[in-house]
Amino acid sequence: MRIPPSWQGKLRLPVIVSPMFLISGPDLVVESCNAGVVGTFPALNQRTTQGYADWLDEIEGRRASPGAPFGVNLVVHRSNPRLEADLAVTIDRKVPLVITSLGLNRDLIKAVHGYGGVVFHDVTNLRFAAKAAEADVDGLIAVTYGAGGHAGPWSPFAALHELRGIFEGTLLLGGAVSSGAHIAAARLMGADMVYMGTRFMATAQSMAVERQRRMLIAAKSADIVYTPAVSGVHGNFLRASLTEAGRDPDDLTPPSKLDFGATDAKAWRDLWAAGQGVGSIEDMPDVAELVDRLDADYRRASATL
Ligand SMILES: Cc1cc2nc3c(=O)[nH]c(=O)nc-3n(C[C@H](O)[C@H](O)[C@H](O)COP(=O)(O)O)c2cc1C
């Protein structure tokens, strides 16, 4: 397993709990790290850079030591006016992992390496992946078919094979990973770690609202719609949330300008991202309980193989 050298011995499972807009906060991050998996959140989940800094301080204060590392997601897109200020705070607090999405920034990568942090970049196709590999990222996250939120229309088998051909660093697989057996399968397919969002959205420590929780439990994979209509980039959403918000889930018209929540969180507040893994969600355990289950299942599945 290729993981960053500074993470050796700190992980119970090769899992990153992926950053989720309006869903991941200090509780989810701290409980994930304390359970032995990497916890993350998007900087934009706080409305100001000062609020973001406060969360980082809270997480540092509450995290058990030694625990798993934690990370933040920075949206590297010109629609994000906070990137520069949030990056300055990230550097000041020496956040161990920075996950970049929707754009690549070489200065950011250099700056994070400068304080000993690592940068993982999420990709939905090989072209973007090749650019990121050249830019010296430490990890590539293949966000494949069925992943919650923005997702690529590519098969996990094809993605991992092609990525391993061009990249020596840590490879992660995201997209409907829901059980310990799935983690074992991902490793067998060539991933070093997995990236899990939707399954952790259905935990006591996420910021999901009650209606969203009920929808997650009720939904099956067929209730997920893949559409560019929410942000302008193709992603997976709960069909019922679009219908309840008065939208036609089959209308594929993207918004007039790209919207990733940096300037307007409203769309994301009512239209709920979720991946095809919803079909495996039956309850809302504590993160610690979920990680226990994943661990037992991972060991059982690995032994069977
Ligand atoms: C509700 C929700 C919000 C998300 N918000 C973000 C985000 O702000 N930034 C980001 O990089 N990815 C975001 N994602 C994508 C996840 O980080 C990750 O790629 C995805 O959850 C993995 O697939 P899975 O949900 O099937 O496990 C979001 C996903 C969900 C379900």
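Located above this text is the structure these notes cover.
Figured I'd write up the structure that's included with this text. The shown structure was predicted, so the numbers you read here are calculated from the model rather than taken from an experiment.

**With respect to the sheet that holds strand E7 (residues 149–150)**
Okay, step 1: Spatially, the three strands line up as an open sheet ordered E7-E11-E10, and their pairing is antiparallel. Edge positions in the sheet fall to E7 and strand E10 (224–227), since each of these pairs with one other strand and no more.
Okay, step 2: As paired elements, E7 and strand E11 (residues 235–238) share two bridges and run antiparallel to each other. Within E11, the residue paired with Gly149 across the bridge is Asn236.

**Quick look at the site of the ligand**
Okay, step 1: Surrounding the ligand, one finds 21 residues, the nearest of these being Phe21, Asn73, Ala176, Gly197 and Thr198.
Okay, step 2: Phe21 is positioned such that a nitrogen or oxygen atom in its backbone is 2.8 Å from a nitrogen atom of the ligand.
Okay, step 3: In this structure, Thr198 approaches the ligand through a side-chain N or O atom, which is 2.6 Å from an oxygen atom.
Okay, step 4: Contact with the protein chains covers 92% of the free accessible surface of the ligand, which is 600 Å².
Okay, step 5: Of all the secondary structure elements, the ones that give two or more residues to the shell around the ligand are strand E9 (193–196) and helix H8 (198–201).
Okay, step 6: Its residues assigned to classes, the shell around the ligand shows 12 nonpolar, eight polar and one charged.

**Things to note about the nonpolar core**
Okay, step 1: Within the largest apolar cluster, 72 residues are counted, with the highest numbers of intra-cluster contacts made by Val15, Tyr52, Leu74, Leu108, Leu140, Phe200 and Leu238.
Okay, step 2: Here the element with the most residues in this core is helix H12 (residues 287–304); it accounts for six residues.
Okay, step 3: Shared between two domains, this core takes at least three residues from each, and those domains are domain 1 (10–208 + 283–304) and domain 2 (210–270).
Okay, step 4: With residues near it in sequence (within four places) discarded, Leu74 still touches Ala43, Tyr52, Leu83, Asp86, Leu87, Thr90, Val98, Ile99, Thr100, Ser101 and Leu108.
Okay, step 5: In this structure, Trp7, Ile16, Ala147 and Tyr195 belong to the second largest nonpolar core, which totals 17 residues.

So, how was this worked out
- Position numbers for residues count from 1 along each chain, tracking the sequence in the order it is written.
- For this predicted model, a pLDDT threshold of at least 70 governs which residues receive local features, and a threshold of 80 or more governs which side-chain atom pairs are given and counted, while totals over whole chains, interfaces and linings are taken from all residues.
- As a rule here, side-chain values come from all non-hydrogen atoms in the structure, and water together with hydrogens is ignored.
- Note: two strands are recorded as paired if DSSP finds a minimum of 2 bridges between them.
- The way it works is that DSSP assigns letters per residue, a run of H or I at least four long becomes a helix, a run of E at least two long becomes a strand, and they are numbered from the N terminus.
- We call a residue near a molecule or strand when any one of its heavy atoms sits within 4 Å of it.
- Here a polar contact is recorded for every N or O atom pair within 3.5 Å, except that within protein the pair must consist of a potential hydrogen donor and a potential acceptor, and residues adjacent in sequence are included only if both atoms are side-chain atoms.
- For accessible areas, the Shrake-Rupley method is used with a probe of radius 1.4 Å. Any residue's cover is judged against the shown protein chains and nothing else.
- Here the nonpolar group is Ala, Val, Leu, Ile, Met, Phe, Trp, Tyr, Cys and Pro; Asp, Glu, Lys and Arg are the charged ones; every other residue, Gly included, is treated as polar.
- Here the nonpolar core consists of buried residues drawn from Ala, Val, Leu, Ile, Met, Phe, Trp, Tyr and Cys, with membership extended through side-chain atoms lying within 4.5 Å.
- Think of it in three bands: residues with accessible area under 20% of the maximum for their type are buried, residues over 50% are exposed, and the middle band is partly exposed, with areas taken using a 1.4 Å probe on protein chains only.
- Boundaries between domains were set according to an automatic or database domain assignment.
- In this analysis, two residues are considered to be in contact whenever any of their non-hydrogen atoms come within 4.5 Å of each other.

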